[in-house]
Amino acid sequence: PYKGWDDLWYYEVYRSRNGAPFQLHRQTKVWELSITDTLLCDEPFCYFVVAVSKSGLRSRSNSTCGNPWYFLPFSKVPLQLATVEESSYAALEWEHGPEYYSGLTYMIARQQGTVWMPLGSTKQKYFVDFSAPVNKEALRYSVGYKDHCGGVSEWGPHATTIFAGGVMEGDAAQISWSPYEQWPEGILVYQLQRKDIHGRFQTLVSLPPTTLSWKDKQALSVGNDTLRYRILAIRAAGRADTSVSNYVKLVPNSRMFVPNAFTPNGDGMNDQFYASSLFIVKEQLNPAKQFQMRIYSRWGELLFEGSRPDDAWDGTYQGKPCPEGVYVFQIRGIGYDGKLFVFRDNLSLMR
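The paragraphs below set out a description of the structure included in this document. (Residues numbered from 1 in each chain as written. Predicted model: local features only at pLDDT ≥ 70, side-chain atom pairs only at ≥ 80, totals over all residues. Heavy atoms only, no water.)

**Considerations on the overall build of the chain**
A count of helical and extended segments in the chain gives zero helices and 29 strands. For a compact globule of 351 residues, the expected C-alpha radius of gyration is about 20 Å, and the chain comes in at 37 Å, more than 25% above that figure. C-alpha extents for the chain along the principal axes are approximately 125 × 50 × 35 Å. Taken over 351 residues, the chain has a buried fraction of 40%. Of all intrachain contacts in the chain linking residues separated by at least 6 positions in sequence, the fraction that spans at least 24 positions is 56%. Total accessible area on the chain stands at roughly 19500 Å², and carbon and sulfur atoms take up 52% of it. Of the charged side chains in the chain, 36 are positive and 35 negative, and the gap between their average positions amounts to 3 Å. (Helix = DSSP H or I, 4+ residues; strand = E, 2+ residues; numbered from the N terminus. Rg over C-alpha atoms; globule rule 2.2 N^0.38 Å. Buried < 20%, exposed > 50% of the residue type's maximum accessible area, 1.4 Å probe, protein only. Contact = heavy atoms within 4.5 Å. Areas by Shrake-Rupley, 256 points an atom, 1.4 Å probe, with all protein chains shown as cover. Lys, Arg positive; Asp, Glu negative; His and termini not counted. Charge placed at Lys NZ, Arg CZ, Asp CG, Glu CD.)

**Details of the pairing of strand S7 (residues 89–94)**
Bridge analysis of strand S6 (residues 79–85) against S7 gives six bridges, and the strand direction is antiparallel. Paired with Val 84 across the two strands is Ala 90, which belongs to S7. Adjacent in sequence and paired antiparallel, S6 and S7 are bridged by three residues, among which Glu 86 carries a positive phi angle near 50 degrees. Pairing between S7 and strand S10 (residues 126–129): four bridges, direction antiparallel. Across the sheet, Glu 93 pairs through a bridge with Tyr 126, a residue of S10. (Pairing = 2+ DSSP bridges.)

**So, the packing of aromatic side chains**
Inspection of every chain in the model, using the stated rule, returns 14 aromatic pairs. For the pair Phe 201 and Tyr 247, a centre-to-centre distance of 5.1 Å together with 55 degrees between the ring planes defines the contact as tilted. Here Phe 201 is found in strand S16 (residues 201–207), whereas its partner Tyr 247 is found in the loop between strand S19 (242–244) and strand S20 (248–250), with 46 residues between them in sequence. You'll find Phe 201 and Tyr 247 in the same group, each marked buried. Taking the ring centre of Phe 48 as reference, the NZ or CZ of Arg 60 above it sits at 3.6 Å. (Phe/Tyr/Trp six-rings, centres within 6.5 Å; stacked < 30°, edge-to-face > 60°. Lys NZ or Arg CZ within 6 Å of the ring centre and 35° of its normal.)

**Observations concerning the state of the cysteines**
Under the counting rule described, the total for this entry stands at two disulfides. Two residues, Cys 41 and Cys 149, share a disulfide whose sulfurs are 1.8 Å apart. Judged by the sign of its S-S torsion, about -100 degrees, the cystine formed by Cys 41 and Cys 149 is left-handed. Here Cys 41 is found in the loop between strand S2 (23–28) and strand S3 (45–53), whereas its partner Cys 149 is found in the loop between strand S11 (140–146) and strand S12 (159–160), with 108 residues between them in sequence. (Disulfide = S-S within 2.5 Å.)

**Some words on the sheet that holds S11**
Strand order in the open sheet made by the four strands is S9-S8-S11-S12, with antiparallel pairing throughout. With partners counted over all chains shown, the strands left at the sheet margins are strand S9 (115–122) and S12, one partner each. Of the pairings in the sheet, the one linking S11 to S12 comprises two bridges and is antiparallel in character. Bridge assignment links Tyr 141 to a residue of S12, and that residue is Ala 159.

**A look at the sheet that holds strand S28 (residues 325–334)**
Strand order in this open sheet of five strands is S22-S29-S28-S24-S25, and the pairing throughout is mixed. Only two strands of the sheet have a single neighbouring strand rather than two, namely strand S22 (261–262) and strand S25 (302–306).

**Looking at the nonpolar core**
Ranked by size, the top nonpolar core spans 40 residues in total, and within it Trp 94, Ile 175, Tyr 180 and Tyr 229 carry the most contacts. Leave out the neighbours within four places in its chain, and Tyr 180 touches Gln 80, Leu 81, Ala 82, Ala 159, Thr 160, Ile 162, Ile 187, Tyr 190, Ala 233 and Ser 243. Formed by 19 residues, the second largest nonpolar core is a distinct cluster that contains Phe 273, Trp 313, Leu 347 and Leu 349. (Core = buried A, V, L, I, M, F, W, Y, C linked by side-chain atoms within 4.5 Å.)

In C-alpha cells, the structure reads:
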C-alpha cells in the first residue's frame, strides 16, 4: 500500500506485453492490493502500479516482469451429433468440454479422402456445413479447441453422417446405407422411412444396428411418381439424439398398356378407351414431354384428343355416339424414368 496521503483515491495497474509500451490495464480500490491477470499467452509481461490521490498526486511503483504459466488445451471435443438436414447440408452439435472458457473457439474440420479440411470456427455449440456433399458420400467431421493465444488442441473423436442410396429391382426398391459412427453407446435401431402421397415421411420398418440394407417390396403402393426414402439412426442411450441420412430418390419403372377394343354400351364394363399406365409424365408445359392421345375415324377425321395419361375416350364425337367399327389411335407418353412409349394401331368400337 502507499502510505503518506490522507486522500488516497485508487490504484492504477499498467501492463506491458512482450516489450510493448505500458498501457493502463486495470483500476482498483484503495483496499485492493493485488490482481490476478488471466488468459495470458506464453510471452513476457511487465507491470507497475500508480497510487492516485484525490488532489491529483501520483506515486509510481517499481516494475516487475515474468512469464505466465501457459498450457495448450489438452482435452478433446466429442461430437454429440452429425446429421443431414433436408438432404441439403450437414449439421453438427457438441457440448462444452471440461476446459471450456469464454475465450475458447471451436474449430471444425471435414475429411476429404485422407486429408482433413478446415471448415471454419465458432464459439457456439453447433455448426452448419452448407458446402457438404451430403448426397454423394458419408462425411466425417471432427472438432477441436483453439484458445485465445492461437494454441490448438488435438482433434476430438470424429462423427460420420449416414449416406443412403438405392436402386429399383423390378417393382421393389432396394435401399442401403453406411453406418453412423460416433456414439459410444451405439445405435438402438435404424428406421427406414418413405414419403407418403401427402409428402410426409412415415416409418416403414425398424432394423437392428447390424442391418444396413432393406428391400421395400411395396414401393408402388405409395402412389407417388417418385419414391423418396431416408434412414434415421436412433442413439442407444444418453442424449435423445437422432442422425438423419440424405434422401434417396428413386423413379419406378414406367409402363403402358393400350387395348385394341372397348364397348361403350353403358354396362359399366370397358366403357371407355384409355391407356393403362404407371409413372408416365403428366407434364403440361414442356411439349417434348407432353402426353398425347388422338382418335381418328377411318377417313382421318380427328374425333378425340387427350393431353393427360388419365384422359379417356367415351366413344362419342360432338356429343353423339360413334358407330361400331374400326378407328385409329395414336398415343405417345414418356415415363419419369425416361422411357418413351409410342403406339399407333387400330381400335375396335363395339356396342
